[in-house]
Amino acid sequence: MNRPKNRAVALSSAPDAGRRSAAHFLLQALCEQGIEYVFGNLGTDHAPLIEELARWRAEGRSAPKIVLCPHENTAVHMAGGYAAATGRGQVVMVHVDAGTANASMGLHNLFRARLPVLLMAGRAPFSSEGELAGGRDTYVHFVQEPFDQGSLVRPYVKWEYTLPSGVVAHETVARACAVMHSDPAGPAYLMLPREVLAADCDVFSVRGFPAARYAPVRHRGADPDAIRAVAERLLAAREPLLVTAYAGRQTTTPLLIDRLARLAGIRVCEFNSVYLNIPRDSPCFAGYQPAPYVQSTDFGLLVDVDVPWVPKTTRPNSEAYWVQMDVDAIKRELPMWPFATDLRVEGDSARMLEQLIEAVQALATPQFRERAAQRLERLASEHAEREQAAATRAADAGTPGSLNPHHVCAVLGRLLHESDIVLNEAIRNTLAVFEQIPRTRPGTLVGLPGGGLGFSAGMALGYKLAHPDRRVVHVVGDGSFHFCNPSSLYATAQQYRLPIFTVVLDNGGWAAVKEATLRMYPGGVASQQDSYESVLAPRVDFTRIVAAAGGHGERLDDPAQVEGAIARCLAALDAGRSALLQVALAPH
């Protein structure tokens with residue numbers, strides 16, 4: 001066939017396939033962008049894609065693997081966990097407005113975590129009389145079309161679009177992937193009308209958009225003059241402090257933070273840790289509360305942190321000089337950001353830290369090195385005291401039916417390998433998990449980035465998919481566990497052989513709700529009545545949910561049985577079964 005000039009080269013390998021559906025070109029586009037998985041919760045809107053996948057199997061084509069998740073919360077967070085573990089964004093497929101609504105909370109978490117995930121949702125058919133393939137053919141098609149479906153997730157995506165034709169499927173997916181992977185990364189949203197997916201297109205009207213030529217924009221290092229200015233301020237500092245939360249999303253960064261801290265004698269705090277940002281055995285690590293130190297700080301460095309402290313209860317030194325080095329220095333998606341900084345530098349934190357280390361080494365004087373060594377010695381002493389205090393908090397195992405979460409977490413920490421991955425969604429007992437399960441290897445700790453509870457379970461599955469040879473443990477409160485859609489979680493884990501270990505710290509309700517009420521109304525009527533509308537059904541037996549999917553479950557009420565119960569759960573995990581340990585804490 002003689003093709004006119006400027007006509008695209010056909011991407012189909014079938015010589016007699018002059019026309020293919022838009023669903024076909026959409027699948028091609030996903031392959032072209034290197035998408036490995038589609039985490040799916042499908043509906044009637046996906047019939048053209050299901051048919052095309054079957055056709056591809058019959059033709060021996062390779063397509064992204066479909067991972068079916070019974071609930072969208074599992075699918076979105078699983079994609080997010082895989083993206084966090086690998087840096088490669090994946091696709092989630094949901095059903096029209098209903099699936100989008102179920103996915104929106106998870107998308108909020110991914111947006112705050114700056115994780116690249118493409119959420120694709122069908123749109124209800126728009127034709128009614130059979131004039132187009134894929135038109136309305138059942139009752140639900142008439143009631144699943146809102147005026148603005150994209151509004152359900154618009155606050156939580158960087159980009160949204162509706163596929164208008166299969167002719168531009170490759171361009172559309174390439175654009176979505178480029179935007180969602182560009183710094184700061186985040187989710188994208190694509191709607192797929194059923195008639196569009198079903199419509200045939202001329203294969204020679206479709207051209208490719210290879211990922212290498214439509215790449216995302218990545219931050220690099222900073223202006224050397226700016227880095228030198230930061231280094232000069234650091235060299236003159238008496239009490240330097242570094243605060244971070246999500247720099248550890250890059251596994252090279254925690255060791256760089258530790259190296260800089262040791263070099264310059266910098267105290268390092270995390271606040272609302274999203275990842276491991278500095279090894280917990282570093283003498284410079286000063287815990288999870290910067291508030292006790294900011295009043296004496298004369299030079300502060302904020303590195304990849306959204307909220308360094310709570311201003312209502314924290315008053316920084318007004319004479320301190322603060323530098324912000326961040327992949328998202330202006331906090332584009334936070335309407336207000338009240339933290340004053342004297343210098344903002346946006347870029348790749350790993351590269352900027354490398355530059356800063358080089359600048360400090362080049363400018364360091366013997367006097368500076370002596371002061372830094374003295375600070376480092378003092379920080380090491382404080383670190384040892386902090387570890388001893390944590391050990392003291394863990395020493396008491398508790399009483400029957402009212403176990404000490406610090407003790408339980410300390411035992412768990414001792415039994416885990418250094419490469420095991422821990423996800424912390426304990427909320428009320430967050431610090432118990434962080435303090436008692438100290439991680440040292442980058443990429444082995446994940447915290448809650450957003451405000452949507454129920455994130456850790458699906459994220460754990462995504463991490464397990466990315467690292468099948470490593471244990472993945474997520475620790476949740478009982479209130480959070482309800483939000484995890486546990487029946488969907490364990491069904492997915494069983495179907496795809498992705499065993500994870502769930503530790504439920506069960507205090508019988510939402511302690512955070514009670515504490516929020518007491519903070520606002522410490523002597524209020526709710527306090528007088530000891531009533532906070534936060535008590536859940538007492539001691540629901542969560543172990544039966546994991547057992548229903550072939551997993552191992554135990555309820556732990558006896559403090560003398562902590563180590564044995566955890567060991568049995570880990571043995572089941574190592575044998576390929578999901579495990580759940582429900583720990584009875586004091587009622588909140």
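Residues numbered from 1 in each chain as written. Predicted model: local features only at pLDDT ≥ 70, side-chain atom pairs only at ≥ 80, totals over all residues. Heavy atoms only, no water.

A look at the overall build of the chain
Within the chain one finds 21 helices and 21 strands. Its C-alpha radius of gyration of 26 Å places the chain within 12% of the 25 Å reference for a compact globule of 588 residues. With the C-alpha coordinates of the chain rotated into their principal frame, the extents come out at 80 × 60 × 50 Å. Looking at the chain residue by residue over its 588 residues, the buried ones come to 56%. Sequence-distant contacts, at least 24 apart, represent 77% of the contacts inside the chain between residues at least 6 apart. When the accessible surface of the chain is totalled, it reaches about 24500 Å², and 53% of it is carbon and sulfur. Charge-centre separation for the chain: the mean point of 57 positive side chains lies 3 Å from the mean point of 61 negative side chains. (Helix = DSSP H or I, 4+ residues; strand = E, 2+ residues; numbered from the N terminus. Rg over C-alpha atoms; globule rule 2.2 N^0.38 Å. Buried < 20%, exposed > 50% of the residue type's maximum accessible area, 1.4 Å probe, protein only. Contact = heavy atoms within 4.5 Å. Areas by Shrake-Rupley, 256 points an atom, 1.4 Å probe, with all protein chains shown as cover. Lys, Arg positive; Asp, Glu negative; His and termini not counted. Charge placed at Lys NZ, Arg CZ, Asp CG, Glu CD.)

Brief notes about the packing of aromatic side chains
Taken as a whole and assessed by the stated rule, the structure comprises 10 aromatic pairs. Measuring from centroid to centroid gives 5.2 Å for Tyr37 and Tyr82, while their planes differ by 70°, and the two rings are edge-to-face. Linking Tyr37 in strand β2 (residues 37-40) with Tyr82 in helix α3 (residues 72-86), this pair joins segments that are 45 residues apart in sequence. Accessibility expressed as a relative area gives 16% for Tyr37, which makes it buried. Exposure remark for Tyr82: the relative accessible area of 4% places this residue in the buried category. Measuring from centroid to centroid gives 4.9 Å for Phe481 and Phe542, while their planes differ by 65°, and the two rings are edge-to-face. Of the two residues, Phe481 is situated in helix α16 (residues 478-483) and Phe542 in the loop between α19 (525-529) and α20 (543-548); the sequence distance between them amounts to 61 residues. (Phe/Tyr/Trp six-rings, centres within 6.5 Å; stacked < 30°, edge-to-face > 60°.)

Considering unusual backbone geometry
Negative phi is the rule for most residues except glycine; trans is the rule for most peptide bonds. The omega torsion of the bond from Asp183 to Pro184 falls at -15°, within 30 degrees of zero and hence cis. By the secondary structure assignment, Pro184 is in the loop between α6 (169-181) and β7 (188-193). The phi dihedral of Val96 is positive, around 40°, even though this residue is not glycine. You will see that Arg114, though not glycine, has its phi angle at about 60°, which is positive. Note on placement: Arg114 falls in the loop between α4 (96-113) and β5 (117-123).

Observations regarding the nonpolar core
Among the nonpolar cores identified, the biggest contains 70 residues, and Phe39, Val92 and Tyr463 are the most heavily contacted of them. Among residues more than four places away in sequence, those in contact with Val92 are Phe39, Ala75, Val76, Ala79, Val117, Leu118, Leu119 and Met120. In terms of nonpolar packing, the next biggest core, distinct from the first, is built from 69 residues, Ala231, Ile357, Val411 and Phe501 among them. (Core = buried A, V, L, I, M, F, W, Y, C linked by side-chain atoms within 4.5 Å.)

Overview of a nonpolar patch on the surface
A surface patch of nonpolar side chains, amounting to about 230 Å² of accessible area, comprises Leu42, Ile50 and Leu68. Examined against the element boundaries, Leu42 turns out to sit in the loop between β2 and α2 (47-59). Look at Leu42 and you get partly exposed, because its relative accessible area is 37%. (Patch = residues over 30% accessible without salt bridge, like charges linked within 9 Å, V, L, I, M, F, W, Y side chains within 5 Å. Salt bridge = Lys/Arg side-chain N within 4 Å of Asp/Glu carboxyl O.)

As for helix α12 (residues 366-395)
Its 30 residues give α12 an end-to-end C-alpha distance of 44 Å, which sits within 8% of 44 Å, the value for a rise of 1.5 Å per residue. For α12, the full list of buried residues reads Phe368, Ala372, Arg375, Leu379, His383, Ala390 and Ala394. (Expected span 1.5 Å × (residues − 1).)

Looking at the sheet that holds strand β4 (residues 90-94)
Two strands in a sheet stick together by hydrogen bonds in their backbones, pointing the same way (parallel) or opposite ways (antiparallel). Strands sit in the order β3-β2-β4-β5-β7-β6 across an open sheet of 6 strands; the sheet is parallel. The open sheet is flanked by β3 (65-68) and β6 (160-162), the only strands paired with a single partner. The sheet shows a mean angle of 20° between the axes of neighbouring strands, direction not considered. Sheet analysis places β5 next to β7, joined by 6 bridges and oriented parallel. Along β7, the bridge assignment pairs Leu119 with Tyr189. (Pairing = 2+ DSSP bridges. Axes fitted to C-alpha atoms, helices over the stretch in contact; angles between N-to-C directions.)

Side note on the environment of Arg386
For Arg386, the location among the structural elements is in helix α12. C-alpha separation for the pair Arg386 and Ser527, spaced 141 residues apart in sequence, amounts to 33 Å. The residues touching Arg386, leaving out its near neighbours within four places in the chain, are Phe285, Ala286, Gly287 and Tyr293. A polar contact is formed between the side chain of Arg386 and the backbone oxygen of Phe285, at a distance of 3.1 Å. (Polar contact = N/O pair within 3.5 Å; in protein donor to acceptor, adjacent residues only side chain to side chain.)

Quick notes on the pattern of salt bridges
Applying the stated criterion across every chain, the model contains 31 salt bridges. Between Glu515 and Arg428 there is a salt bridge, and its shortest N-O distance comes to 2.2 Å. Pair noted here: Glu515 is in helix α18 (residues 511-520) and Arg428 is in the loop between β16 (421-425) and α14 (430-436), with a separation of 87 residues, a long-range link. If you follow the salt bridges from partner to partner, you end up with Arg114, Asp306, Asp326, Asp328, Lys331, Arg332 and Glu346 in one network.

Notes on the sheet that holds strand β19 (residues 501-506)
Across the sheet, 6 strands lie side by side as β17-β16-β18-β19-β21-β20; this open sheet has parallel pairing. Each of the sheet's edge strands pairs with one partner strand only, and the pair in question is β17 (445-447) and β20 (552-556). Along the sheet, successive strands turn relative to each other by an average axial angle of 15°, direction set aside. Relative to β17, β16 runs parallel, the two sharing 3 bridges. Opposite Leu423, over in β17, you have Val446 as the bridge partner. Across the sheet, helix α13 (residues 405-415) is in contact with β18 (472-477), β19 and β21 (579-584); its angle to β19 comes to roughly 165°. In the packing of helix α15 (residues 456-466) onto the sheet, the strands contacted are β16, β17 and β18, and the crossing angle to β18 comes to about 175°.

Remember, this is a structural readout, not a statement about activity or role.
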